[in-house]
Structure formats: C-alpha cells, structure tokens
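Each chain, written out:
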Amino acid sequence: MSLTSYPFDGQAVSEGQYSFLFRELASHSGIADQVSGTGFHSYGDSSGMRVKVNPGFAIVRGHGVQSTATETLTIAAASAAQRYDRVVLRLDPTANSISLAVVQGSSGGGLPALNQTDTGVYEFPLATVTVPVGTSTISAGNVSGERRFLGNTVGGWTTATRPENPRTGRLGLNTSTNRWEFWTGTAWSDLAPTINWGTVEGRPNTFPPAAHAHAWNDITSKPSTFTPASHSHAWKDITSKPSTFAPSSHSHSWSSITGKPDTFKPSSHSHSGYLTSGSTISWANGSKKPHSNSASGSGTWYSVWVEGNGTFCRNTSSIRFKKNVRDYDIDPDDVLSLRPVIYDRKDQLDDETGEIKVGRKDEVGFIAEEVEASGLDWMVNYLDGEVDGLRYDLLGVALVPVVQRQEAQIKSLTERLAALEAKVS
C-alpha cells in the first residue's frame, strides 16, 4: 500500500512513523528550553576528570529524551597533546534509547566528527571539552556549550544556536540581535530590516535645486558688512595720493650691490679682559695658558696652582700666609713603597674641534690610586668624589723624612765605625 495515514484509534503506529511525525512538528533537533536556560547544560566543577550535565528535555530527530537529575560523565585521561572531546545525546534506534555519551577526540587533533545519520545513530552535540596536556581535572573554563534550541518551543534562538538545516521560510527571533529573521534557503535574512538612505535602491546622487528666489529678510546669518571683491581703479581716479613714496622695508642680495669696497677695515673695538688680564681664564680650565706660554722675560717666577674653576694663583709659602703651624709625621716606609711607572696617555676627543688627540707616550710618574692606598692620600687630588690626580709638588715634602732617616742612619753608622776603629788601634 503506497498511501498511509496515522495515528487513528485501533491502528498500530510504528516508531518510525511517530518519529517522522514529531520531526515535522519540531522542525529540527534541539533543547526544549529558553535560550538562556540550563536544560542539558554541561559544565566542569574541578572535581576531577568529570563533566556534569543538568536535567532537561530535548527532541533528537523526532524522539524525546528527558533527564530529571544531574548526570556525571567521565572524561578519559589527558593525552600527549591537547585533545578535544564532545558531550552528546546519542540516539540509537536499534537500542531504542537516547543516552548521554562522550565522543573522545584524538591527541593533537581538532573536534571529533559526530554520527548524524537519518535512520541510524544520531549524535546531538551538547558541549566541547578541552583536555590540556597533563591535566587531572576539568574546570568550568574547559567546557564550552554547543546546545541548539527548539525555535517553536521558545520562539527564538541565538546567532550561535540557529536551527541546523532549516526549511525555507523558517522564522524565529534571534535573541543575539533581538530581531526576527527567516531562512531564505541559503542564508538567514532580517524579516524587517532597518531602512536608511544607504540601503535605498535607485536613489539619486545629487538633487539640483529648482530655480527659485528668497526674500532678503528670509536669509539668515547674513553678514552685516561686505568686503569688496577684488577689483582695480584707474590712477587718475584715486584722490589724495601722495606726491612721493618712501621705499618700504626691503633687502638686497650681496651680488646686486654695486660700488662696494674690496676690503673692510675693522672698526674701533676691544676684547674682554680675560684675554689680557684677570685671574680666571674660563676656556683654559687651568691648562692651555701655561702649556702654550713659553718661559721668557724677567721678574719673579712662581709655581702655579690651578683651581677647579680655572683660576690661576701663585704657590706661596711665607709664614705671613699661614697659621696653626704644627709638625706632620710622615712614615718614610709609605714613601719608599711608591711604585714609579712609565705609561702612555689615552687618546682624547677635542670638544672644540671634534678631533682625536693622540695621548703622549712614555710618561713617567705614579698611579694616584696606588699613592692613595699607600697612606699618602694627602698627595691625591679628587674630582667629583673620584681620584683624579697627584700633587707632585708635595713629593719633595714626602721625601724629607726619608732623607732625614737615612741621614740619622749614616751618622749612627759613622759613629759606630769610628768607635770600632779606635778600639782596634
């Protein structure tokens, strides 16, 4: 018989017939709940390798399934690489049942494929479970939902949970956009799209105004005065014009000047005193003047001290300039511990010319840090808290105790030798 109808009283109706009927009524498989509801919601609670699934009701390919208690599913141990498992409602017509199950993915692979046959096993996805390497527990962050809802039960869906494989004309409320939409056969389309000027078809690009006029009183924001437009006047029409015209401020290029002299004598002038007199030469910094000035002329000559600011002064030693004079003990052994060295000066950059000045070679002297360590730190100069130079002029003072001790030793040895000679004779 090619034509059947059902269900009627006293008539046997098969599972397949009821399934086909319910599939047409429900339009597709999904959760019978609000879009934000918790029906068959899957989650992890960090209690181990487990996922829990809330109670709920769903239609899977025309078959109903209901859970009245929270179910717990076991997730397999972590793999060598990150893995993705899927929690599903599995319809098995052969077993006459719909059960909760876990479809395990492959190590390092993507989402595992689902069985979704039209007459055999059909797996409806509820959630994806991410299983990181080495994990021993499934947390809420490892579980992401995949549930889709029955539109005819709740009157809508979200963009992510729209019906799969809908028929053309399927209508529902998209709660993500809060707009009614329908399936055109190839895409979801807004049932009542917002119309704006940009979506109007065949609109003109410009609207040339028709010939018209405005009363002067109707014009708003008109200026109180009107600057004259660019124009000209005949010279004869200008009144009160001056008889002569003084040249305005201007300049001439050097090449355009005629009759200029070949040379220009300097006018009367002077130079700042620091070049010929005064106690400070700021540019010298205590070095250029004595370095470039040859020793000549008569008069008293002094050793020169240079202050940190470049000021020159003579080295005076008269008691007239001193007070609080007292003996100062110098250990001759400190002086004898000094190490004379020969060295080369490092090259220096001349700040004025930008040239590299090669340092002098084979200079003889001491290392200031070694002098400081020997106990003769009073011979050391410091700059900005660091060892900088030596007071070589004080070396003679340091040598006096050495000579005095040697003189005393010579005198003692001479007396002892004379006494020994007298005793022998």
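In this text, all values refer to a predicted model and were calculated from it rather than measured experimentally.

About the cut-offs
For every chain, the first residue of its written sequence is number 1, and the numbers climb from 1 along that sequence. Owing to the predicted nature of the model, reporting of local features is limited to residues with pLDDT of at least 70; listing and counting of side-chain atom pairs is limited to 80 or more, with chain, interface and lining totals taken over all residues. To obtain the side-chain values, all non-hydrogen atoms of the structure were used and water was disregarded. For helices the rule is a DSSP run of H or I covering at least 4 residues; for strands it is a run of E covering at least 2, with both sets numbered from the N terminus onward. Exposed residues in this analysis have more than 50% of their type's maximum accessible area, buried residues have under 20%, and partly exposed residues fall in between, with area computed by a 1.4 Å probe over protein chains only. Every residue pair with non-hydrogen atoms within 4.5 Å of one another is taken to be in contact. Residue exposure ignores everything except the shown protein chains as possible cover, and the areas themselves are Shrake-Rupley values with a 1.4 Å probe. Note: two strands are recorded as paired if DSSP finds a minimum of 2 bridges between them. Under this scheme, a helix contributes an axis fitted over its contacting stretch, all axes are lines through C-alpha atoms, and angles between N-to-C directions fall in the 0 to 180 degree range. Planes of paired rings set the category: under 30 degrees apart is stacked, over 60 is edge-to-face and the rest tilted, where pairs are Phe, Tyr or Trp rings (Trp by its six-membered ring) whose centres lie within 6.5 Å.

1. A few points about the overall build of the chain
In terms of regular secondary structure, the chain is built from six helices and 22 strands. A total of 425 residues make up the chain; the buried ones form 24% of that total. Looking at the chain alone, contacts between residues at least 24 apart form 48% of all its contacts between residues at least 6 apart. Summed over all atoms, the accessible surface of the chain reaches about 30,800 Å², with 53% contributed by carbon and sulfur.

2. Quick notes on the sheet that holds strand 9 (residues 122–131)
The strand order 8-7-9-10 describes an open sheet built from four strands, whose pairing is antiparallel. The open sheet has two free edges, formed respectively by strand 8 (97–103) and strand 10 (143–145), since each of these has just one partner strand. If you compare each strand with its neighbour and ignore which way they point, the axes differ by 20° on average. Both strand 7 (residues 83–92) and strand 9 contribute to a ladder of nine bridges, which runs antiparallel. Paired with valine 87 across the bridge in strand 9 is alanine 127.

3. Here we look at the packing of aromatic side chains
Following the criterion strictly, the structure yields seven aromatic pairs and no others. With 5.7 Å between their ring centres and 90° between their planes, tyrosine 328 and tryptophan 378 make a pair best called edge-to-face. Taken together, the residues tyrosine 328 in the loop between strand 16 (312–314) and helix 4 (332–336) and tryptophan 378 in the loop between helix 5 (368–373) and strand 21 (380–383) connect sequence positions 50 residues apart. Using a relative accessible area of 55% as the deciding quantity, one classes tyrosine 328 as exposed. Considering the side-chain rings of phenylalanine 366 and tyrosine 392, the 6.3 Å spacing of their centres and the 15° angle between planes classify their relative orientation as stacked. You can see phenylalanine 366 sitting in the loop between strand 20 (363–365) and helix 5 and its partner tyrosine 392 sitting in the loop between strand 22 (386–390) and helix 6 (395–424), a full 26 residues away along the chain.

4. Points about the side chain of glutamate 123
Along the polypeptide, glutamate 123 turns up in strand 9. If we skip the residues at most four places from it in the chain, glutamate 123 touches Val88, Leu89, Arg90, Val103, Leu114, Asn115 and Gln116.

5. Brief notes about the pairing of strand 12 (residues 171–174)
As defined by bridge partners, strand 12 adjoins strand 13 (residues 179–183) across four bridges and the pair is classed as antiparallel. Across the sheet, the residue bridging to leucine 173 is tryptophan 180, located in strand 13. Between the end of strand 12 and the start of strand 13, which pair antiparallel, lie four residues, with asparagine 178 showing a positive phi angle near 55°.

6. As for the pairing of strand 4 (residues 56–60)
The buried fraction of strand 4 is high, at four of five residues. Where strand 1 (residues 30–31) meets strand 4, two bridges bridge the pair, whose relative direction is antiparallel. Residue pairing in the sheet places isoleucine 31 in a bridge with alanine 58 of strand 4. Of the strand pairs in this sheet, strand 4 and strand 5 (residues 63–67) are connected by five bridges, and their pairing is antiparallel. Residue pairing across strands places alanine 58 opposite valine 65, the latter belonging to strand 5. Taking the residues that link successive antiparallel strands as the turn, the strand 4-strand 5 hairpin has two residues, and the phi of arginine 61 there is positive, at about 50°.

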